[in-house]
Structures are given as C-alpha cells and as structure tokens.
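Remarks on the overall topology
Each chain is listed here by its residues.
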Amino acid sequence: MSVTYYPGYSQIIITPNLRTKVIESITNAFPMVLTTVEDHGYVLGMEVRFLIPSQFGMQELNKVDSVQVIAITADTLTIDLDSREFTTFQYPGSLPTAYTPPSVIPNNSGPYLPPLPLPYGNQTSFEGVVYNAGQP
C-alpha cells in the first residue's frame, strides 16, 4: 500500500499482493525458506499459510494457521518456522493433468501502516467536495 498526496487530498494505492503463489521448493531448516515459481510480490512481515497436497510431502504445513515472513527476495520467502523435523517437500515424479499445486497463501496485506498526515497543515477539506448542496 502506498499513499500519494495531492493538494487538498490523498489517494491510497493498494498493491495487489494478496495472491496465492505456487511453491517450487521448501527447505527443511530453521528458518524455513520457500521458493515460489514466479515473483511473489509479498512484503516483509506478512502472515502466510499453506496448501500442500499430499503427493508433495510436508503435510505438516497444512496444520500451520499463520506464520510470519521474516525475509524476502523476488521469489523466496524466509518463514519464521522450524521445518527441520517435517517430511521432505518434493514434486512427485509424474503429475496428473489436473492437480492442485502446492501454494502459499497470504493471510493479510502486510504490516499495518498508519496513515500519514496531509502535506499542508491548514487543509480541512477535500478539494472539489461540495458541502450542504452548495448552500452557505
């Protein structure tokens, strides 16, 4: 999310980062590192959960309600979770033509960003707003 300020008003721009992403690989480590098939667009501090079909292993992730992303690159997420004792994640040798891919799912849009003040201290209304149907 970002806020753009204009004289008299501000505009909130929400980045479309609430997208489920397909998982390419997951490490058995602490912290756990997950690689997505494409760039994820997630932000640091997001809470995520998982959908891992049984043929991919690491079913333990399906029981995790929410866990925080503690580091990111374009296609990796470092997750604050100890997966050293989990079963290994791997793509099966052959997949059916229709299957559910292993996915990481955002639980929210990221850390809370408090609103910023307007750029001018004397602004009390939005530009172009008509009060009282134009009557004084």
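**A look at the overall build of the protein chain**
Each helix and strand counted, the protein chain has zero helices and eight strands in total. Reading the protein chain from its N terminus to its C terminus gives the helix and strand order β-β-β-β-β-β-β-β. Within the span of the protein chain, comprising 136 residues, buried residues form 29% of the whole. In the protein chain, the proportion of contacts linking residues at least 24 apart, taken out of those at least 6 apart, comes to 69%. Taken as a whole, the protein chain presents about 8700 Å² of accessible surface, with 56% of it coming from carbon and sulfur.

**A look at the sheet that holds strand 3 (residues 21-26)**
Read around the closed barrel, the six strands follow the order 3-4-7-6-5-8; overall the barrel is antiparallel. On average, adjacent strands in this sheet sit at an angle of 50 degrees to one another, irrespective of strand direction. In this sheet, strand 8 (residues 103-106) lies alongside strand 5 (residues 47-51) in antiparallel orientation, the contact comprising four bridges. In the sheet register, R49 faces strand 8, and the bridge partner there is I105.

**What to know about a nonpolar patch on the surface**
A surface patch of nonpolar side chains, amounting to about 320 Å² of accessible area, comprises V22, V37, Y91 and Y99. On the secondary structure map, V22 appears in strand 3.

**Regarding the environment of L61**
Relative to the assigned elements, L61 resides in the loop between strand 5 and strand 6 (67-72). Residue L61 is classed as buried on the basis of its relative accessible area, which comes to 0%. With 25 residues separating them in the primary sequence, L61 and F86 have C-alpha atoms 8.4 Å apart. Ignoring any residue separated from it by four or fewer positions in sequence, one finds L61 in contact with I26, M32, F50, I52, L81 and F86.

**Structural notes on the packing of aromatic side chains**
Under the criterion given, the structure shown has four aromatic pairs. Ring centres 6.1 Å apart and planes at 15 degrees place the aromatic pair F56 and F89 in the stacked group. Taken as a pair, F56 in the loop between strand 5 and strand 6 and F89 in the loop between strand 7 (76-79) and strand 8 lie far apart in primary sequence, 33 residues in all. Judged by centre distance (6.0 Å) and plane angle (90 degrees), the rings of F89 and Y91 are edge-to-face. An aromatic cluster is present here, built from F56, F89, Y91 and Y99 joined pairwise through their rings.

**Some words on the pattern of salt bridges**
Using the criterion set out here, one finds two salt bridges in the structure. Across the salt bridge formed by K21 and E38, the nearest N and O atoms sit 3.0 Å from each other. Taken as a pair, K21 in strand 3 and E38 in the loop between strand 4 (32-36) and strand 5 lie far apart in primary sequence, 17 residues in all. Assessed through its relative accessible area of 48%, E38 is described here as partly exposed. As a salt-bridge pair, R84 and D82 come within 2.8 Å of each other at their nearest N and O atoms.

Conventions and cut-offs
- Residues numbered from 1 in each chain as written.
- Predicted model: local features only at pLDDT ≥ 70, side-chain atom pairs only at ≥ 80, totals over all residues.
- Heavy atoms only, no water.
- Helix = DSSP H or I, 4+ residues; strand = E, 2+ residues; numbered from the N terminus.
- Buried < 20%, exposed > 50% of the residue type's maximum accessible area, 1.4 Å probe, protein only.
- Contact = heavy atoms within 4.5 Å.
- Areas by Shrake-Rupley, 256 points an atom, 1.4 Å probe, with all protein chains shown as cover.
- Pairing = 2+ DSSP bridges.
- Axes fitted to C-alpha atoms, helices over the stretch in contact; angles between N-to-C directions.
- Patch = residues over 30% accessible without salt bridge, like charges linked within 9 Å, V, L, I, M, F, W, Y side chains within 5 Å.
- Salt bridge = Lys/Arg side-chain N within 4 Å of Asp/Glu carboxyl O.
- Phe/Tyr/Trp six-rings, centres within 6.5 Å; stacked < 30°, edge-to-face > 60°.

Purely geometric stuff here, so don't read any function into it on its own.
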